[in-house]
Amino acid sequence: MPELPEVEIVRQSLDKKIRQKKVKKVILRNKNLRIKLTNNFKKFLENKIINKVSRFSKYLIIFLPSNKFCLIHLGMSGTIHVIYDKKKNYLTNQSFYNSPSLPTKHNHVEIIFDNFRIVYNDPRRFGFFQMIKTTKELKKRFAHLGPEPFQSKFNLEYVLNYLKRKEKKIKSFLLDQAFVSGIGNIYASEILFLSKINPNKKAYLLNKKDCKKIISFSIKVLIDAIKKGGSSIKDFKNTSGKKGGFQKNFKVYERNGLNCKRFKCKGIIQKKTICNRATFFCNTCQK
Ligand SMILES: [Zn+2]
């Protein structure tokens, strides 16, 4: 599943390609995505100039004229391909997961520009496009989501307040999108390792120092992942067919049974299911 760092990578490359470009035509080959597409969607995009491509959490936000927006969510398996008319199109995928070139099946939506087109591919069809018609509606759309670690709202006061008197394990809060947006399962284990906090620890037991570490390592882990090209899925490969950069740098994720990487720690990495998600941690240095 694409996580925030992967979506950010898609955003960066998409923004470079379609900013200030005019949509000539939209072709809907399969309208049955998670939100059913309608012919209004074609009208919504056609002949519009893209102002920019932004992002919140795992949502891409395409800014259109007159305060209108098109959201794109990649769901479980969505990828975006850019196909140029007069180029050999091998490396079309704008992200680093799934096929580097355009698959033959499951190309549901095409957005056509002057000399290239964008193709949305999604075998499992959990992704979606959504029309947003006002800035107010856009705000409302994200009202249920907590801040991203990068936002100033995700500060010590907020984290301490949120976690106080909470009995649930800290790991579950890092995955709770109402508390913080965009930390996926892999990243949650990595953040807790760097913070030296046991994922089973009850949230209310975290002190100020712990919360400060969670804030700064959340930012660090996500920024590192963005820099290294994302990582989230198991068969993650970049376009040259090599495993992704960030994956080699996991401190705990999928390292169960191996020695802890922390200097002078003699611990062994454990695997445990917390909130139905595989969780990895060192039983010695994470307290
Ligand atoms: Zn350790």
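Structure: above.
Worth saying up front: this structure is predicted, and the values here are computed from it rather than measured.

## Observations concerning the packing of helix 1 (residues 4-18) against helix 7 (residues 208-227)
Axis separation between helix 1 and helix 7 bottoms out at 9 Å; the angle between their running directions is 45 degrees. Taken together, the axes of helix 1 and helix 7 lie oblique to each other. Handedness of the helix 1/helix 7 crossing: right-handed. Facing helix 1, whose interface residues are Leu-4, Pro-5, Glu-8, Ile-9 and Gln-12, helix 7 presents Leu-222, Ala-225 and Ile-226. In terms of residue class, the contact of helix 1 with helix 7 is made up of 6 nonpolar, 1 polar and 1 charged.

## A short note on the coordination of the zinc ion
Within the first shell, the zinc ion binds the protein through Cys-260 (SG), Cys-265 (SG), Cys-282 (SG) and Cys-285 (SG), at distances of 2.3 Å. Considering all 4 donor atoms around the zinc ion, angles at the metal cover 103 to 116 degrees and the coordination shape is tetrahedral. Counting residues between consecutive donors of the zinc ion along the chain gives the motif C-x4-C-x16-C-x2-C. Of the two residues, Cys-265 sits in the loop between helix 8 (245-248) and strand 9 (269-274) while Cys-285 sits in the segment after strand 10 (277-282), which places them 20 residues apart along the sequence.

## Observations concerning the pairing of strand 9
Note that strand 9 and strand 10 share 6 bridges and pair antiparallel. Bridging across to strand 10, Thr-273 finds its partner in Ala-278.

## Considerations on the pattern of salt bridges
For the coordinates displayed, the defined rule picks out 12 salt bridges. In this structure, Asp-210 and Lys-201 form a salt bridge, with 3.9 Å as the shortest nitrogen-oxygen distance. Under the relative-accessibility criterion, Lys-201 is labelled partly exposed at 22%. Salt bridges sharing common partners tie together Glu-8, Arg-11, Arg-55 and Glu-148.

## What about the packing of aromatic side chains?
In this structure the tally under the stated criterion is 17 aromatic pairs. When the centroid spacing of 5.7 Å and the interplanar angle of 45 degrees are considered together, the rings of Tyr-158 and Tyr-162 count as tilted. Residue Tyr-158 and its partner Tyr-162 are located together in helix 4 (residues 156-163), separated by 4 residues, close to a single helical turn. A relative accessible area of 16% places Tyr-158 in the buried class. We classify Tyr-162 as partly exposed; its relative accessible area is 23%. Counting every residue linked through ring pairs, the aromatic cluster contains Phe-154, Tyr-158, Tyr-162, Phe-173 and Phe-179. The ring of Tyr-162 has Lys-166 sitting right over it, with the charged end atom 4.8 Å from the ring centre. When the ring centre of Phe-173 is taken as origin, the NZ or CZ atom of Lys-168, which lies over that ring, is 5.4 Å away.

How each quantity is defined
- Counting from 1, residues in each chain are numbered in the order their sequence is written.
- Where totals are concerned, whole chains, interfaces and linings use all residues; where local detail is concerned, this predicted model gives features only for residues with pLDDT of at least 70, and gives and counts side-chain atom pairs only at 80 or more.
- With hydrogens and water set aside, each side-chain value is computed from the structure's full complement of heavy atoms.
- For helices, the fitted axis covers only the stretch in contact; all axes are lines through C-alpha atoms, and the angles between them, taken along N-to-C directions, range from 0 to 180 degrees.
- Put simply, DSSP marks the helices as runs of H or I at least four residues long and the strands as runs of E at least two long, and each gets a number from the N terminus on.
- Between 65 and 115 degrees an angle is taken as roughly perpendicular, under 35 as roughly parallel, over 145 as roughly antiparallel, and anywhere else as oblique.
- Each crossing gets its hand from how the near helix is turned against the far one by less than a right angle, where anticlockwise is left-handed and clockwise is right-handed.
- Only heavy atoms enter the contact rule, under which two residues are in contact if any of them lie within 4.5 Å.
- Residues are grouped as follows: Ala, Val, Leu, Ile, Met, Phe, Trp, Tyr, Cys and Pro are nonpolar; Asp, Glu, Lys and Arg are charged; all remaining types, including Gly, are polar.
- In this analysis a donor is any N, O or S atom within 2.8 Å of a metal ion (3.2 Å for sodium, potassium and calcium), and since water is not included, sites may seem incomplete.
- Under this scheme a four-donor centre is tetrahedral when all angles range from 85 to 135 degrees, a four-donor centre is square planar and a six-donor centre octahedral when opposite donors are above 155 degrees with the rest from 65 to 115, and any other centre is irregular.
- At least two DSSP bridges between two strands are required for those strands to pair.
- Salt-bridge detection follows one rule: a side-chain nitrogen of Lys or Arg within 4 Å of a carboxyl oxygen of Asp or Glu.
- Exposure is judged per residue with a 1.4 Å probe applied to protein chains only, and the accessible area is read against the type maximum: over 50% gives exposed, under 20% gives buried, and values in between give partly exposed.
- What counts as a ring pair is set by centres within 6.5 Å for rings of Phe, Tyr and Trp (its six-membered ring), and what kind of pair is set by the plane angle: stacked under 30 degrees, edge-to-face over 60, tilted for all other angles.
- Two limits define a charge over a ring: the Lys NZ or Arg CZ must be within 6 Å of the ring centre, and within 35 degrees of the ring normal.

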